[in-house]
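So the chains spell out like this:
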Amino acid sequence: MQGNGASATSKNQSSMKIPHVLTIAGSDSGAGAGIQADLKACAARGVYCSTVITAVTAQNTVGVQGVNIVPEDFVAAQLKSVLSDMQVDVVKTGMLPSTDIVKVLQQSLKEFPVRALVVDPVMVSTSGDVLAGPSIVSGFRDNLLPMADIITPNIKEASALLDGMQLASVSDMRSAAKLLHCLGPRNVLVKGGDLPDPSDAVDIFFDGENFHELRSSRIKTRNTHGTGCSLASCIAAELAKGSPMLSAIKVAKRFIETALDYSKDIVIGNGPQGPFDHLLKLKSTSRKSCRQEAFDPSDLFLYAVTDPGMNKKWGRSITDAVKAAIEGGATIVQLREKDADTGDFLEAAKACTEICHLHGVPLLINDRVDVALACDADGIHIGQSDMPVRVARVILGPEKIIGVSCKTPTQAHQAWIDGADYIGCGGVYPTNTKANNLTVGLDGLKTVCLASKLPVVAIGGIGISNASDVMKIGVPNLKGVAVVSALFDRECVLTETKKLHAVLTEANCPNFSWV
Ligand SMILES: Cc1ncc(COP(=O)(O)OP(=O)(O)O)c(N)n1
Ligand SMILES: Cc1nc(C(=O)O)sc1CCOP(=O)(O)O
Ligand SMILES: [Mg+2]
């Protein structure tokens with residue numbers, strides 16, 4: 001396809017052009033494939049997606065229970081609504097259930113040309129149900145393929161488009177790609193996912209001159225429903241952003257592999273083929289349900305901050321230290337592993353995240369946004385010279401907890417403006433744990449608390465002998481104390497944590513005792 005259907009209107013549009021894919025496909029009520037998959041794939045790739053619905057299917061992970069085809073004049077109306085108004089870059093086709101609908105699309109694209117046409121020649125669903133009858137083959141061949149910039153058939157679809165040609169090997173896929181190219185599309189991607197090779201998945205890309213063999217390892221999962229639609233949509237999305245064809249395909253393939261790998265164990269539906277998670281979110285959401293969803297300021301009550309030197313000195317692992325602190329009553333844990341190698345830190349962080357989530361205790365990572373993301377921690381704690389809060393918030397998203405160290409009312413105010421969840425204020429007392437740390441004292445702590453709109457945790461030189469003095473400064477937003485050496489530079493973390501918990505409980509509520 002060439003040209004841009006919205007050339008007349010583009011002059012009137014603002015300078016912020018959003019890459020735009022229009023998908024013309026069927027609705028899948030189970031939302032694993034079809035229009036729903038296309039929307040999610042485009043959203044995940046950062047591209048706007050408009051939708052023209054050709055059929056409504058009653059469908060789930062078991063199969064297709066019903067198909068209701070949208071009359072072709074109403075498909076035409078949807079196409080006109082979108083193409084006459086919006087600046088569509090790329091059209092991607094999915095389920096086109098009748099030759100008349102194919103013709104309607106052909107007409108619309110003549111009237112409103114777009115930059116590229118991606119054709120996923122959907123005929124049969126992953127469950128084996130027929131989505132477009134055999135007559136569609138001539139519709140594709142005569143009307144659509146000559147207009148396509150790329151077609152993305154799987155083995156069965158390639159075979160159907162080539163009068164039943166048998167495809168049993170990579171070499172057959174190459175021959176098929178060449179024959180399909182003769183039908184008119186500028187590029188052909190024959191997907192080899194259905195070939196029997198148990199280890200690798202091989203796709204063949206042919207651009208009319210050169211072949212490219214695109215190999216990837218097979219991901220063992222039942223959650224493959226909608227991969228074809230999603231791959232074609234991702235290719236369309238990358239083309240809409242301006243990528244050349246081969247790089248669009250490579251990016252799209254890598255995206256699908258990553259999403260499949262991430263989703264390989266999720267369970268949606270009881271049938272043999274489940275959907276995958278385009279946004280790479282569901283796994284962490286389900287695990288989060290083990291603890292409170294939103295940040296609860298009362299979690300700051302007994303805030304345990306780990307120290308690798310102290311754990312080494314007392315001969316314990318970080319996981320044993322975290323377990324003991326939680327058992328003793330720690331209400332939040334921060335991993336502060338200043339000099340650890342990234343790989344080692346990540347492994348430890350993953351193990352500690354699991355322990356904390358098992359007990360409903362949030363886990364934060366000191367300084368390292370990358371590690372927090374990789375281990376799916378609940379958030380981070382950062383200082384004034386670490387990554388700016390605003391940047392961290394963009395990277396981590398709205399749900400993660402962000403704590404910031406503040407020594408002054410101005411810093412506390414800025415932390416609130418920037419979207420932090422709490423502040424850590426100290427050093428309340430002198431400490432050997434953090435070098436060259438300015439001590440603000442109880443007065444400094446009180447001044448910061450009074451100026452802060454965020455909950456505060458006090459830190460620095462705090463232990464069982466002075467925690468009560470700290471909590472008694474009498475400001476409602478001081479929610480607890482953060483401690484390192486008072487818990488971890490001790491022989492028994494469990495005992496010390498229990499003792500500190502008792503002191504804090506007594507300071508908070510004098511008649512209540514712990515255990
Ligand atoms: C709860 C809490 N408060 C303050 C700090 C100190 O953070 P920062 O100023 O970034 O210094 P480092 O800990 O990174 O040396 C903290 N870690 N936790
Ligand atoms: C990590 C840290 N931050 C501080 C600050 O003032 O922001 S004081 C500190 C060290 C706290 O260790 P301990 O409980 O052993 O005194
Ligand atoms: Mg820091």
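Residues numbered from 1 in each chain as written. Chains lettered and ligands numbered in written order. Predicted model: local features only at pLDDT ≥ 70, side-chain atom pairs only at ≥ 80, totals over all residues. Heavy atoms only, no water.

Bringing the overall build of the protein into the picture now. Counting secondary structure elements, the protein contains 20 helices and 17 strands. Taken along its principal axes, the extent of the C-alpha atoms in the protein is 85 × 55 × 40 Å. Burial statistics for the protein: of 515 residues in total, 53% are counted as buried. Intrachain contacts of the protein at a sequence separation of at least 6 include 65% that bridge at least 24 residues. In the protein, 49 positive and 53 negative side-chain charges are present, and the distance between their average locations comes to 3 Å. (Helix = DSSP H or I, 4+ residues; strand = E, 2+ residues; numbered from the N terminus. Buried < 20%, exposed > 50% of the residue type's maximum accessible area, 1.4 Å probe, protein only. Contact = heavy atoms within 4.5 Å. Lys, Arg positive; Asp, Glu negative; His and termini not counted. Charge placed at Lys NZ, Arg CZ, Asp CG, Glu CD.)

A word on the coordination of the magnesium ion (ligand 3). Summarising the metal site, the magnesium ion (ligand 3) is bound by the protein donors Asp367 (OD) and Asp386 (OD), whose distances to it range over 2.0 to 2.1 Å. Within this pair, whereas aspartate 367 is found in the loop between β12 (363-366) and α14 (369-374), its partner aspartate 386 is found in the loop between β13 (379-382) and α15 (389-396), the two being separated by 19 residues in sequence. What makes aspartate 367 partly exposed here is its relative accessible area of 22%. Assessed through its relative accessible area of 27%, aspartate 386 is described here as partly exposed. (Donors = N, O, S within 2.8 Å, 3.2 Å for Na, K, Ca; no water.)

What follows deals with the site of ligand 2. Within the structure, ligand 2 sits among 14 residues, and Thr431, Thr433, Asn437, Gly461 and Ser485 are positioned closest to it. Here an oxygen atom of ligand 2 sits 2.8 Å away from a polar atom, N or O, in the side chain of asparagine 437. Coverage of ligand 2 by the protein chains reaches 95% of its 420 Å² of free accessible surface. For the shell around ligand 2, the class distribution of residues is three nonpolar, eight polar and three charged. (Near = heavy atom within 4 Å. Polar contact = N/O pair within 3.5 Å; in protein donor to acceptor, adjacent residues only side chain to side chain. Areas by Shrake-Rupley, 256 points an atom, 1.4 Å probe, with all protein chains shown as cover. Nonpolar A, V, L, I, M, F, W, Y, C, P; charged D, E, K, R; others polar.)

Here we take up the sheet that holds strand β14 (residues 401-406). Spatially, eight strands are ordered β10-β11-β12-β13-β14-β15-β16-β17 in a closed barrel, and the strand pairing comes out parallel. In this sheet, neighbouring strand axes are inclined to one another by 25° on average, regardless of whether the strands run parallel or antiparallel. As paired elements, strand β16 (residues 456-459) and strand β17 (residues 478-483) share four bridges and run parallel to each other. By the bridge assignment, valine 456 is partnered in β17 with leucine 478. Relative to β14, helix α16 (residues 409-418) is tilted by about 165°, and along the sheet it contacts β14 and β15 (422-425). (Pairing = 2+ DSSP bridges. Axes fitted to C-alpha atoms, helices over the stretch in contact; angles between N-to-C directions.)

Attention shifts here to the pattern of salt bridges. Within this structure, the stated rule accounts for 20 salt bridges. A salt bridge links aspartate 370 to arginine 368; its shortest N-O distance comes to 2.9 Å. Of the residues examined, arginine 368 reaches a relative accessible area of 23% and is grouped as partly exposed. (Salt bridge = Lys/Arg side-chain N within 4 Å of Asp/Glu carboxyl O.)

Looking at the secondary structure, you find lysine 446 in helix α17 (residues 441-451). Separated by 266 residues in the primary sequence, lysine 446 and leucine 180 place their C-alpha atoms 75 Å from one another. If sequence neighbours within four positions are ignored, lysine 446 has contacts with Ile473 and Val475.

Glancing now at the UniProt feature "domain: Thiamine phosphate synthase/TenI" (unreviewed entry) in the protein. Following the UniProt record, one finds the feature "domain: Thiamine phosphate synthase/TenI" (unreviewed entry) at residues 302-487. Within residues 302-487, the helical portion is 41% and the strand portion 19%, while the C-alpha atoms at the span's ends are 11 Å from each other. (UniProt positions renumbered as here; feature names shortened; annotations may be inferred.)

All right, on to helix α8 (residues 227-241) then. For α8, built from 15 residues, the straight-helix expectation of 21 Å at 1.5 Å per residue is met to within 8% by its first-to-last C-alpha distance of 21 Å. Burial analysis of α8 places 13 of its 15 residues in the buried class, which makes it a mostly covered element. Backbone geometry just after α8 places glycine 242 at a positive phi near 110°. (Expected span 1.5 Å × (residues − 1).)

Now for the packing of aromatic side chains. Applying the stated criterion to the full structure yields three aromatic pairs. Both rings, one in tyrosine 303 and one in tyrosine 422, keep their centres 6.0 Å apart while their planes meet at 65°; by these two values the pair is edge-to-face. Residue tyrosine 303 is located in strand β10 (residues 302-305), and its partner tyrosine 422 is located in strand β15; the two are separated by 119 residues in the primary sequence. Comparing tyrosine 303 with tyrosine 422, the two get one shared label, buried. Through a chain of ring-to-ring contacts, three or more aromatic side chains come together here, namely Phe295, Tyr303 and Tyr422. (Phe/Tyr/Trp six-rings, centres within 6.5 Å; stacked < 30°, edge-to-face > 60°.)

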